[in-house]
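Each chain, written out:
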Amino acid sequence: MGSVQSGVSQPQAYRDEHLSVDFQHQMVILDNQRMTLTRKEYDLLSLMVQHAGQIVPRDVLLLQVWGYGVEIRTRTLDVHVRRLRKKLGAYADQYIETIFGIGYRFQPFHAPRYFQPPVNQPAFAIGA
């Protein structure tokens, strides 16, 4: 099973020139328009945004958002990412990057496409 381990407290909000995520009020705004997201879509986007620039492994996303263990084989994550991309419209490819065979990475707007997180502080620990 995977688990998210982070010594950093949850931020209050994420903002860039197009996207705003208010974690306290669980609200997402894209280009000054409130996005209508399902609970799982919000949870998925929120988790990725909170770890912007870092690859979030599939099993961590499935565990944290759906409570699924590594033994569960499902395409629900891919379906939800596809729906999020559709709702993000023209910004979808900028914000959500697929890391084939590993997971997904949220990239802040105008971030380098291949940002590497600091080596000294891993954001995720995969363990039993």
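Residues numbered from 1 in each chain as written. Predicted model: local features only at pLDDT ≥ 70, side-chain atom pairs only at ≥ 80, totals over all residues. Heavy atoms only, no water.

### Describing the environment of aspartate 31
In step 1: Positionally, aspartate 31 belongs in the loop between β4 (27-30) and β5 (33-34).
In step 2: Given a relative accessible area of 33%, aspartate 31 falls into the partly exposed group.
In step 3: Sequence separation of aspartate 31 and leucine 88 is 57 residues, and the distance between their C-alpha atoms is 9.9 Å.
In step 4: Here histidine 18 takes part through its side chain, which lies 2.7 Å from a polar atom of the side chain of aspartate 31.
In step 5: Among the polar contacts listed, one links the side chain of aspartate 31 to the side chain of tyrosine 91, at a separation of 2.6 Å. (Helix = DSSP H or I, 4+ residues; strand = E, 2+ residues; numbered from the N terminus. Buried < 20%, exposed > 50% of the residue type's maximum accessible area, 1.4 Å probe, protein only. Polar contact = N/O pair within 3.5 Å; in protein donor to acceptor, adjacent residues only side chain to side chain.)

### What about the environment of tryptophan 66?
In step 1: Tracing the chain through its elements places tryptophan 66 in helix α2 (residues 58-66).
In step 2: Taking the relative accessible area as the measure of exposure, tryptophan 66 reaches 14% and is therefore buried.
In step 3: With ten residues separating them in the primary sequence, tryptophan 66 and threonine 76 have C-alpha atoms 9.2 Å apart.
In step 4: The residues touching tryptophan 66, leaving out its near neighbours within four places in the chain, are Lys40, Leu44, Leu61, Thr76, Leu77 and His80. (Contact = heavy atoms within 4.5 Å.)

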